[in-house]
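# Breakdown of the fold
What follows is the residue order along each chain.
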Amino acid sequence: MRSRPILHADADAFFASVVMRRRPELTTVPFAVTAHVYIASANYIARSAGVRGGMLAQEALARCPDLVLIEVDRNEVEEASQALFDVFHECAVAVEPGSMEEGFLDVEAPDWDAALTAAREIRHRTSTELSLPVSIGIGRTKLVAKLASRSAKPDGLRVIGPDEEAHLRIHLPLRATWGVGQRSLERLTQLGISTLGDLDSISQATLESACGAAMGRRLRGYRDGTDDAEVRSVSMRTTLSAEGAVSGFRRPDLDPSELIATCVQRICGRAVRAGLVGDSITVTLRPLADGSPIVRRGSIPDPTADEHLWTMHARDLLDENPIPPLRGVGVTLTRLRPSDQLPATLF
């Protein structure tokens, strides 16, 4: 098993932190950044009053009457995200984005002290150069590093070393693990499984019957300590994905084309910076009502990372059949390859 530590870096209350760079007077008051009529991000003062991302702005004001609402500036946020990842790339040999404000970093640290030194340098740079607070977790695998960064918030640094990791592999509640859905949790609870250690009491076949083969293998890896520890840089990726809405959105009149355009812009921006192009796209529509996601796929003859072309192609996929009320969308650009490895064309 890998023993060299990796980092998980996560900007705190990202949208709100970006706004505070030009509005320092908001530092001491509860405020939130809105997207349409929903809360996109709230500072920690507002969070202490019960304001959460994905919440209706009206509900947030009911919980916190003094809340200041500010519309999101997409360009400002995108620029801040790019600057943040520029720092990450300058400090690490590999960066695997998780979203526009967080990712896993391989700083080639030979030991825990070296990882701490690298993490402190990254936090210093993001604070002084970008005025963005970033919490960093250090662990042997992605799960452990992410647990560490989560517990380090806000604006902190946390290491989960081998001894604490061994304890977590037994006592960590399943609800605190990464990527386990509510339905899987409910089925496992019915089997008397609430912690990672409880998995020892059931067979792999029973586990996979309860939550599916892929999730069963993932959970067993969490328990055994064989879970993912490889930081895959974007340039090595064959797919890139983005979500168009948070799970808290409940808007029957939601226009999916707007969300898809935002997703495509993020994906293509990451692809361009990594020197990647793709020729296939998958659009996943998540209905407001319970039910299976609607998946639509398309491709083009010439690989590209042109966001305008992919936006038009993705929107064409929406026109094929009527779209039900949605709670969100997802977009994945697939069959990625380095742009400098494409065969030469005749013209």
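Each remark here, short or long, concerns the structure printed above.
Report follows, based on the coordinates. (Residues numbered from 1 in each chain as written. Predicted model: local features only at pLDDT ≥ 70, side-chain atom pairs only at ≥ 80, totals over all residues. Heavy atoms only, no water.)

### Some words on the nonpolar core
Our working rule: Definition used in this section: a nonpolar core is a set of buried Ala, Val, Leu, Ile, Met, Phe, Trp, Tyr and Cys residues joined via side-chain atoms within 4.5 Å. Exposure classes here rest on a 1.4 Å probe applied to the protein chains alone. A residue is buried below 20% of its type maximum, exposed above 50%, and partly exposed in between. Note on contacts: a residue pair qualifies if any of its non-hydrogen atoms lie within 4.5 Å across the two residues.
If you look at the biggest cluster of nonpolar residues, it comprises 35 residues, and the most contacted ones within it are Leu 7, Phe 14, Phe 88, Leu 105, Val 107 and Ile 136. Contacts of Val 107, omitting those with residues within four sequence positions, involve Leu 7, Cys 91, Ala 92, Ala 118 and Ile 122. Ranked by size, the runner-up nonpolar core spans 26 residues in total, among them Ile 267, Cys 268, Ala 271 and Leu 285.

### Things to note about the packing of helix 11 (residues 256-274) against helix 12 (residues 307-318)
Here is the rule we go by: To obtain an axis, a line is fitted to C-alpha atoms, over the contacting stretch when the element is a helix, and the angle between two such axes runs from 0 to 180 degrees between their N-to-C directions. Only DSSP runs of H or I with at least four residues qualify as helices, and only runs of E with at least two residues qualify as strands; both kinds are numbered from the N terminus onward. In this scheme the handedness of a crossing depends on how the near helix is turned from the far one: anticlockwise by less than a right angle means left-handed, clockwise means right-handed.
Remark: helix 11 packs on helix 12, axes separated minimally by 9 Å, with the N-to-C direction vectors making an angle of 145°. Judged by the twist between their axes, the crossing of helix 11 over helix 12 is right-handed. Residue-level contacts link Pro 256, Ser 257, Ile 260, Ala 261, Val 264, Gln 265 and Cys 268 of helix 11 to Glu 307, Trp 310, Thr 311, Ala 314, Arg 315 and Leu 318 of helix 12.

### Describing the layout of surface pockets
To be explicit about the condition: Each cavity reported here is a set of points on a 1 Å grid over the protein atoms alone in which a 1.4 Å probe fits but cannot get out, each pocket an open set with protein on both sides within 12 Å along at least five of seven lines, and each lining residue one with an atom within 4 Å of a point. Grid points are joined across faces, edges and corners, and a volume is the space filled by probe spheres set on the points. Note that Gly is not counted as nonpolar here; it falls among the polar residues with everything else outside the nonpolar set of Ala, Val, Leu, Ile, Met, Phe, Trp, Tyr, Cys and Pro and the charged set of Asp, Glu, Lys and Arg.
In this structure, the second largest pocket occupies an estimated 240 Å³ of space. Forming the boundary of the second largest pocket are 13 residues, of which Asp 12, Ser 17, Met 20, Thr 27 and Pro 133 lie nearest the centre. When grouped by side-chain class, the residues that make up the lining of the second largest pocket number six nonpolar, four polar and three charged.

### Digging into the packing of aromatic side chains
Working definition: an aromatic ring pair is given by the centre-to-centre distance plus the angle between the planes. The criterion, for reference: Between 30 and 60 degrees the pair is tilted, below 30 it is stacked and above 60 it is edge-to-face, where a pair is any two Phe, Tyr or Trp rings, Trp via its six-membered ring, whose centres lie within 6.5 Å. In our convention, an over-ring charge means Lys NZ or Arg CZ found within 6 Å of a ring centre and within 35 degrees of that ring's normal.
One pass over the full model with this rule turns up three aromatic pairs. Ring centres of Phe 85 and Phe 88 lie 5.2 Å apart, and the angle between their planes is 75°; on these two criteria the pair is classed as edge-to-face. Of the two residues, Phe 85 and Phe 88 both sit in helix 4 (residues 74-91), three residues apart, roughly one turn of that helix. An identical accessibility class is assigned to Phe 85 and Phe 88; each is buried. The residue whose ring lies beneath Arg 47 is Tyr 44, and the NZ or CZ to ring-centre distance is 4.7 Å. When the ring centre of Phe 104 is taken as reference, the NZ or CZ atom of Lys 142 above it lies at 5.6 Å.

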